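# Per-entry structural report
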Amino acid sequence: APPSPGAAATVRAMPSVRRLARERGVDLRTLKGSGPGGRITREDVLRAAKAQDRAVEQTSAEKAPEREAAPEPAAAASAAVAPR
Amino acid sequence: MVVGETTIDADVVVIGGGPGGYVAAIRAARLGRKVTLIEREALGGVCLNVGCIPSKALIAVAHDVRRLREGAAFGLAARELSLDFPRLMAWKADVVRTLTGGVERLLRGNGVEIVRGEAFFRGPREIRVIEAGGEAINYRFRAAIVATGSRPIELPGFPFGGLAGRILSSTEALSLPALPERLVVIGGGYIGIELGQAYARIGSRVTIVEGAERILPAFEADLVRPVKRRLQADGVTVLEGARALGAEAGPDGVHVRVETAEGERTLTADYVLVTVGRRPNTDDLGLDAAGVRVDGRGFVAVDRRMATSADGIFAIGDVVPGPALAHKASAEGKVAAEAIAGVAGAEADFRAVPTVVYSDPEVATVGMTAAEAEAAGHRVKGGTFPLAASGRALTLGEKEGFIRLVGDAETGALLGAQAVGPGASEVIAELALAVEMGAQVEDLALTVHAHPTLSEAVMEAAEVFLGKPVHVLRG
Amino acid sequence: MVVGETTIDADVVVIGGGPGGYVAAIRAARLGRKVTLIEREALGGVCLNVGCIPSKALIAVAHDVRRLREGAAFGLAARELSLDFPRLMAWKADVVRTLTGGVERLLRGNGVEIVRGEAFFRGPREIRVIEAGGEAINYRFRAAIVATGSRPIELPGFPFGGLAGRILSSTEALSLPALPERLVVIGGGYIGIELGQAYARIGSRVTIVEGAERILPAFEADLVRPVKRRLQADGVTVLEGARALGAEAGPDGVHVRVETAEGERTLTADYVLVTVGRRPNTDDLGLDAAGVRVDGRGFVAVDRRMATSADGIFAIGDVVPGPALAHKASAEGKVAAEAIAGVAGAEADFRAVPTVVYSDPEVATVGMTAAEAEAAGHRVKGGTFPLAASGRALTLGEKEGFIRLVGDAETGALLGAQAVGPGASEVIAELALAVEMGAQVEDLALTVHAHPTLSEAVMEAAEVFLGKPVHVLRG
Ligand SMILES: Cc1cc2nc3c(=O)[nH]c(=O)nc-3n(C[C@H](O)[C@H](O)[C@H](O)COP(=O)(O)OP(=O)(O)OC[C@H]3O[C@@H](n4cnc5c(N)ncnc54)[C@H](O)[C@@H]3O)c2cc1C
Ligand SMILES: Cc1cc2nc3c(=O)[nH]c(=O)nc-3n(C[C@H](O)[C@H](O)[C@H](O)COP(=O)(O)OP(=O)(O)OC[C@H]3O[C@@H](n4cnc5c(N)ncnc54)[C@H](O)[C@@H]3O)c2cc1C
């Protein structure tokens, strides 16, 4: 059967894992889920985050302090409304 | 310009104290922000004061009345059943008061400053509030949340409050001085159906006029059928594909002219309730001055963080696109508050926002319908279980309805679910969780469900989906 | 030994047509096996005939009565509320008949052969059935499932049927000819509480005598407190830490002598209902001859495939250890059927078997209690939300109760949940799924719950757990 685009577009992961991925700046679409039914697990995200962190460390050490914040466009906007 | 006007430096300003605004205010305060909440009418917004809560209170009692009316089947009989309508209204007001009082206590307990007045933007960083006394105060804010909700749409020819107060919006219909003998409801969406059925049960003669081909047009036809049957059993006249043309005062009540397939008819009523939709409260807010983009229908455009086009200004609830539902407003409120407070990963990333119609039987849906799933490119498979085969439904004497699961035939993933029947409003919670969790339909089949419950039908529907039904011969 | 007795070669033989056996039979038949089901009494077993179903039917009507009795608060009043008890019994019988008829149709529709008679093992591969007429048939089977269920335990001094039929088990209590004026219930477990409360509501004067320190001793004390308060409001006298010593016939009814902390008392009753537990039906089954090992209390030992110590013989439901619940029986029945049919991975691997008490308010639990979680080595964290803060509970006029989540403080995983309140029987379904899915408590908080529902309290309790409550000030 041809791949169903809808199915592909929907990344399967539970809400807490999706939240974790957003927090750690992991794009779930790039992961392959190790859970039942191909679900992406907490461990999958943590592993990806660690790999990402390592990659960042290796390529640009000066970016390190920003690692904890979400590396999404969202981060800039949220800084604008944070208390001074 | 007022002379000597005050300007206050504020941190987070929330405009509107409904389920969107007050929840956002509480969450932001908990996260350490200094919050000012502005409300022009009543804390709790539409939902608590003139929406979800009073309507469900009325419906609960109307349900009791129906149970009793039909009680003879199981041996229950009341010689003279009477309903003290003012008492009912007083109880309902009590429930509302308890809850709105609770909201006020929660806000204050979390250190939220409550300002009574009407707010509008004067610029990208400034909100002006006209207080009850007419005094104006300006707030310079770091972040603002627009949570001003929505209001009923008027139908041409049926101005609210018109014909000497006989043309009602849902707001007035929830606070009548006496039980209407004859009620015409224009609009068979969920609000019209809920209120029309409730009034019919407590004693009004009710006619529902729906312009579309059938009532509850937003829902699939088979979900609505059991509701329509019940409405008819309740004595409600349902006119579908019927257009309300106008209303005139007659000697015996309001005359409502209606165009149906069979020609024009005139309905006579004590009250006419118009429930044909709601529109966002965004017109007098000065959103332009703030740089907040609004679409052609008045909805505020937001991203997944609930941020508008204007820096530092967020919007949630009925003023943004999507279903106008209290729980959506609250969920978005939490996201906005967390985004403002800089919580990493705060995003409105909901797979499943359940919708409930508190008709009897209840209708509840979550996620995709089969049609939507197909449109999204899935090869769709369904699994349906009828409540007529549910032990719990039978012991309740309520066996009309079914639960349907929609899944992906290839992956076995659950995509959505639809339910009609008693308790559908609660059964949908498990299904919402399942969709959010990315569950396989099989997960619902393998989870032990208590017997006898209505939720068991979820498991049974899952087994039908999997081709191994137990309590039906074929799915 | 009978001359000329018949021996039939059978494939799968199921002994017992309760929720364990009939579900196993259907599943095995669907999987292509030839199934013979043997039942000595009525299809549907205890649950459908004299257990879950008739008790819940009675409770549903008793609930209506209570709603109406207390209806004055919201304006509902009936001049003369009357209950036609024989009509109620007839309706209940009707519900039972519909469901057991359905079971028979499902069995036949799936090609299951139904044999009426009493079965016992004659050897490791042979079952003898004594049919109603006294004729014996032997079945040589490939696989057998023991699903013979359980029966009520007698209390010394209170023989069932004794004192001229005034000492009852739950079976008789569900089919009385007339409403008892005075009912003494010995045993305040879930069956005693459910039936005692129902009878009190429809008009009996009820006294419940519980030997343990408190009623519903299997449940945590705070879950039981709202039930006890309600029982008292219903006019039920609850004697805790009280021992029933014996019964004598008196001129005005049965005299029941009870020893309480305050000394001996005598209660006078029309009927005495004894509900002090159930024991497995394993004594006259010839299990020895078949090589099936049974423990000291009569339960059949099984592995996760529901296989007994004897090759090809499986056991499920009330005859095996674990909670005596219909849904557990059915779930095990499916496992046994699939194991027999060679389905790979068929195992009873349930994390969550919900337990429900259909008292009012309902009590429901799933997974671990805080104490159990601690004993299992978890650092435990809780999150509780009171229904007094639930909009739905208030609109129902039923605000007693709460929902509590038990989670692991370190990992945030949900371990279990307890609920008491209206609708707890349905709310528990979401929680069971959550435990089965290995959900984080956070998943319950991030899933949008419809407003206003009782299930929303699950989300709120999760937010309390996470330290970010919305609708309470502190958790
Ligand atoms: C009869 C009825 C029944 C309903 N039943 C349900 C239901 O069962 N479930 C459900 O989910 N939804 C239900 N709804 C919909 C639900 O009420 C709304 O979706 C919800 O109230 C939206 O919340 P909100 O916070 O966005 O806005 P609102 O609740 O509309 O609150 C907005 C608040 O902002 C205030 N405000 C507006 N403009 C200003 C201003 N310029 N300055 C200061 N304050 C301002 C208003 O006074 C109001 O209090 C029902 C609605 C109706 C009418
Ligand atoms: C009043 C009451 C209320 C209850 N309410 C609930 C509830 O709400 N929810 C819940 O989950 N559970 C409830 N239960 C418990 C539930 O009924 C049992 O857990 C369930 O019936 C067990 O199913 P089973 O298939 O193991 O056995 P059973 O239902 O006991 O069925 C066993 C069947 O085997 C037959 N049988 C026995 N021996 C032989 C033999 N030698 N030959 C042929 N046939 C034989 C019996 O006639 C019977 O039909 C209740 C029980 C009672 C008494």
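Residues numbered from 1 in each chain as written. Chains lettered and ligands numbered in written order. Predicted model: local features only at pLDDT ≥ 70, side-chain atom pairs only at ≥ 80, totals over all residues. Heavy atoms only, no water.

Per an unreviewed UniProt entry, chain B is named Dihydrolipoyl dehydrogenase, and its organism is Hydrogenibacillus schlegelii. You can read under Catalytic activity (unreviewed entry) in the UniProt record for chain B the words "N(6)-[(R)-dihydrolipoyl]-L-lysyl-[protein] + NAD(+) = N(6)-[(R)-lipoyl]-L-lysyl-[protein] + NADH + H(+)". Within the UniProt record for chain B, the comment given under Sequence similarities (unreviewed entry) is "Belongs to the class-I pyridine nucleotide-disulfide oxidoreductase family." (UniProt positions renumbered as here; feature names shortened; annotations may be inferred.)

Moving on: the overall build of chain A. On a plain count of helices and strands, chain A comes out with four helices and zero strands. The linear arrangement of helices and strands in chain A, starting from the amino end, is α-α-α-α. In chain A, 45% of the contacts between residues at least 6 apart in sequence involve partners at least 24 apart. (Helix = DSSP H or I, 4+ residues; strand = E, 2+ residues; numbered from the N terminus. Contact = heavy atoms within 4.5 Å.)

Secondary structure summary: chain B contains 15 helices and 25 strands in total. Taken over C-alpha atoms, the radius of gyration comes to 24 Å for chain B, in line with the 23 Å a tight globule of 475 residues would show. Residues classed as buried in chain B amount to 61% of the 475 residues present. Pairs at least 24 residues apart make up 62% of the contacts formed inside chain B by residues separated by at least 6 positions. Accessible surface computed for chain B: about 16600 Å², of which carbon and sulfur atoms make up 51%. (Rg over C-alpha atoms; globule rule 2.2 N^0.38 Å. Buried < 20%, exposed > 50% of the residue type's maximum accessible area, 1.4 Å probe, protein only. Areas by Shrake-Rupley, 256 points an atom, 1.4 Å probe, with all protein chains shown as cover.)

If you check the shell around ligand 2, you find 42 residues, and the closest are H451(B), G20(C), E39(C), K56(C) and A326(C). Among the chains of the assembly, those with residues near ligand 2 are chains B and C. One nitrogen or oxygen atom from the main chain of H451(B) is found 2.8 Å from a nitrogen atom belonging to ligand 2. Taking V46(C), its main chain carries an N or O atom lying 2.9 Å from an oxygen atom of ligand 2. (Near = heavy atom within 4 Å. Polar contact = N/O pair within 3.5 Å; in protein donor to acceptor, adjacent residues only side chain to side chain.)

In this section: the pattern of salt bridges. Summed over all chains, the structure comprises 84 salt bridges over all chains. A salt bridge links E264(B) to R257(B); the nearest nitrogen and oxygen atoms lie 3.9 Å apart. Judged by its relative accessible area of 52%, E264(B) is exposed. Overall, the relative accessible area of 26% leaves R257(B) in the partly exposed class. Between K468(C) and E338(B) there is a salt bridge, with its nearest N and O atoms 3.2 Å apart. Residue K468(C) is found in the segment after α15 (456-465), and its partner E338(B) is found in helix α10 (residues 326-340); the two belong to separate chains. Looking at E338(B), the relative accessible area reads 12%, which means it is buried. The structure contains a network of salt bridges with shared partners spanning D64(B), R66(C), R67(C), E70(C), R201(C), R230(C), D234(C), D360(C) and E398(C). (Salt bridge = Lys/Arg side-chain N within 4 Å of Asp/Glu carboxyl O.)

The next subject is the packing of helix α3 (residues 52-69) of chain B against helix α3 (residues 52-69) of chain C. The interhelical angle for the contact between α3(B) and α3(C), taken along N-to-C directions, is 120 degrees, at an axis separation of 10 Å. Between α3(B) and α3(C), the crossing angle belongs to the class labelled oblique. Judged by the twist between their axes, the crossing of α3(B) over α3(C) is left-handed. Along the contact surface, α3(B) presents A60(B), D64(B), R67(B) and L68(B), while α3(C) presents A60(C), D64(C), R67(C) and L68(C). (Axes fitted to C-alpha atoms, helices over the stretch in contact; angles between N-to-C directions. Parallel < 35°, antiparallel > 145°, perpendicular 65-115°, else oblique. Left-handed = near helix turned anticlockwise from the far one by under 90°.)

Residue and element names in this part refer to chain B. Tallied over the entire structure, the rule returns two disulfides over all chains. Each disulfide pairs two cysteine sulfurs, and for C47 the partner residue is C52, the sulfurs being separated by 2.2 Å. One quick way to see it: the torsion about the S-S bond of C47 and C52 is about -130 degrees, and its sign makes the bridge left-handed. Taking relative accessible area as the criterion, C47 reaches 5% and is therefore assigned buried. A relative accessible area of 15% places C52 in the buried class. (Disulfide = S-S within 2.5 Å.)

Now for unusual backbone geometry. All names here are of chain B. Of note, the bond from H451 into P452 is cis; its omega dihedral lies within 30 degrees of zero at -10 degrees. Among the structural elements, P452 can be located in the loop between α14 (441-446) and α15 (456-465). The backbone phi angle of A164 is positive, close to 60 degrees, even though this residue is not glycine. For A164, a relative accessible area of 76% gives the class exposed.

Further remarks concern the UniProt feature "binding site: FAD" (unreviewed entry) in chain B. Residues and elements named next belong to chain B. The residues that UniProt annotates with the feature "binding site: FAD" (unreviewed entry) are K56, T148, G149, S150 and D318. Topologically, T148 is positioned in the loop between β9 (143-146) and β10 (150-152). Residue class for T148 comes out buried when judged on its relative accessible area of 18%. Among the polar contacts listed, one links the side chain of T148 to the backbone oxygen of N281, at a separation of 2.7 Å. Mapped onto the elements of the fold, D318 is located in the loop between β20 (313-315) and α10.

The pairing of strands in a sheet comes from backbone hydrogen bonds and takes either a parallel or an antiparallel form. All names here are of chain C. The strand order across the open sheet formed by eight strands is β1-β8-β7-β6-β3-β2-β9-β20, and the pairing between neighbours is mixed. The two strands at the open ends of the sheet, each matched to only one other strand, are β1 (6-9) and β20 (313-315). Between one strand axis and the next, the sheet turns through 35 degrees on average, direction left out of account. Across three bridges, strand β9 (residues 143-146) lies against β20 in parallel orientation. Each residue of the ladder has a partner; that of I145, found in β20, is F314. Where helix α1 (residues 21-30) meets the sheet, it contacts β2 (12-15), β3 (35-39) and β9, and its direction lies at approximately 170 degrees from that of β3. Strands in contact with helix α10 (residues 326-340) are β2, β9 and β20; relative to β9, the strand with the most contacts, it is inclined by about 170 degrees. (Pairing = 2+ DSSP bridges.)

Taken as rigid bodies, chain C and chain B are interconverted by a rotation of 180 degrees and an axial shift of 0.0 Å, the fit giving an RMSD of 0.0 Å. Here the transformation between the copies is reduced to the relation of a two-fold axis. Scanning chain C for the C-alpha nearest the rotation axis identifies E430(C), at a separation of 2.0 Å. In this assembly the copies share their binding face: 100% of the residues contributing to the interface of chain C also contribute to that of chain B. (Least-squares fit on C-alpha atoms with pLDDT ≥ 70 in both.)

Residues and elements named next belong to chain B. Taking burial as the measure, the 10 residues of helix α1 (residues 21-30) include nine buried ones, the bulk of the element. If you check which residues of α1 are buried, you get G21, Y22, V23, A24, A25, I26, R27, A28 and A29. Positive backbone phi, at 95 degrees, marks G32, one or two positions downstream of α1.

This next bit is on the interface of chain C and chain B. Between chain C and chain B, the contact holds 89 residues from the first and 89 residues from the second. Counting the surface lost from both chain C and chain B, the interface buries some 7400 Å², and carbon and sulfur atoms represent 63% of this. Among the residues chain C hides against chain B, the three largest losses belong to E426(C), L433(C) and V448(C). Together they make up 10% of the total. For the pair chain C and chain B, the number of links is 10 salt bridges. Remark: the boundary between chain C and chain B carries 29 residue pairs in polar contact (both at pLDDT 80 or more). (Buried area = accessible area lost by both parts, 1.4 Å probe.)

A few words now on the pairing of strand β25 (residues 414-421) of chain C. Residue and element names in this part refer to chain C. Burial of β25 is extensive: eight of the eight residues sit out of reach of the surface. Alignment of strand β24 (residues 402-408) against β25, held across six bridges, turns out to be antiparallel. Note on β25: the bridge partner recorded for R404 is Q418. Adjacent in sequence and paired antiparallel, β24 and β25 are bridged by five residues, among which G412 carries a positive phi angle near 80 degrees.

Turning our attention to the interface of chain A and chain C. Contacts between the two partners involve six residues from chain A and, on the opposite side, eight residues from chain C. Buried area between chain A and chain C, summed over both chains or domains, comes out near 560 Å², and the portion from carbon and sulfur atoms is 55%. On the surface where chain A and chain C come into contact, there are one salt bridge. The shortest N-O distance in the salt bridge between R19(A) and E442(C) comes to 2.4 Å. For the side of chain A that touches chain C, the element with the highest residue contribution is helix α2 (residues 15-24) of chain A, accounting for three residues. Broken down by class, the residue content of the side of chain A that touches chain C amounts to two nonpolar, one polar and three charged. (Nonpolar A, V, L, I, M, F, W, Y, C, P; charged D, E, K, R; others polar.)

So, on to the packing of aromatic side chains. The geometry of an aromatic ring pair comes down to the distance between the two centres and the angle between the two planes. Residue and element names in this part refer to chain C. Applying the stated rule across the entire model yields six aromatic pairs over all chains. Measuring from ring centre to ring centre gives 5.9 Å for F121 and F141, while their planes differ by 80 degrees; the resulting arrangement is edge-to-face. Of the two residues, F121 sits in strand β6 (residues 113-123) while F141 sits in the loop between β8 (136-140) and β9, which places them 20 residues apart along the sequence. Classification of F141 by relative accessible area gives buried; the value is 3%. Note that K381 overlies the ring of F465, its terminal NZ or CZ placed 4.6 Å from the centroid. (Phe/Tyr/Trp six-rings, centres within 6.5 Å; stacked < 30°, edge-to-face > 60°. Lys NZ or Arg CZ within 6 Å of the ring centre and 35° of its normal.)

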